[in-house]
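Read off the chains here:
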Amino acid sequence: MEELEVLCEKLQEFDGPGTYALAIRGSRNWGTIHPAYMTTYTNYGAKDFVVENGKLVSKVNSPEAVKMTSDWVS
């Protein structure tokens, strides 16, 4: 992700004003954009929920989840 961010900075407006360095396929519907985020989330080792002591516990604030989301937003 860090390499992609550096490359995007270099490519921004490579073909004139308004040219995007990266375009991600999808429609204006959460269902087509959601898989890319969740795939990256999983690749960072992040989990949304885990079972601890027989209880379902949210892990969206884990270090992996926070790092991935921060990188994604960047």
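Before any of the text, the structure's been laid out above.
Starting afresh in each chain, residues are numbered from 1 along the sequence in its written order. It should be noted that, the model being predicted, local features are given only for residues of pLDDT at least 70 and side-chain atom pairs only at 80 or more, the latter also being counted only at that level, while totals for whole chains, interfaces and linings use all residues. The side-chain figures draw on all heavy atoms in the structure; neither hydrogens nor water molecules are used.

Before going further, it helps to spend a moment on the packing of aromatic side chains. Each aromatic pair joins two rings of Phe, Tyr and Trp (for Trp, the six-membered one) with centres within 6.5 Å, and gets the label stacked for planes under 30 degrees apart, edge-to-face for over 60, and tilted for any other angle. A complete count under the given rule lists two aromatic pairs for this structure. Centre to centre, the rings of tyrosine 37 and tryptophan 72 are 5.5 Å apart; their planes meet at 90°, and the pair counts as edge-to-face. Residue tyrosine 37 is located in helix α2 (residues 30-43), and its partner tryptophan 72 is located in helix α3 (residues 63-73); the two are separated by 35 residues in the primary sequence. Only protein chains enter the accessibility calculation, which uses a 1.4 Å probe. A residue is then buried if its area is under 20% of the maximum for its type, exposed if over 50%, and partly exposed in between. Under the relative-accessibility criterion, tyrosine 37 is labelled partly exposed at 21%. Counting every residue linked through ring pairs, the aromatic cluster contains Tyr37, Tyr41 and Trp72. Segments assigned H or I by DSSP are reported as helices when at least four residues long, segments assigned E as strands when at least two residues long, and all are numbered from the N terminus.

Now for the pairing of strand β2 (residues 55-58). Two strands qualify as a pair provided DSSP detects at least 2 bridges between them. Taken together, the four bridges between strand β1 (residues 49-52) and β2 define a ladder with antiparallel strand orientation. Considered in β2, the bridge of phenylalanine 49 is made with serine 58. Counting the residues in the hairpin turn of β1 and β2 gives two residues, including asparagine 53, whose phi is positive at 55°.

What follows covers α3. Residues Ala65, Met68 and Asp71 constitute the buried set of α3. Considered in projection along α3, the buried side chains sweep an arc of 135° and stay on one side of the axis. Seen from the buried face of α3, the exposed residues on the opposite side, beyond 90 degrees, are Pro63 and Val73. Note that the arc is computed from the directions linking the helix axis to the C-beta atoms.

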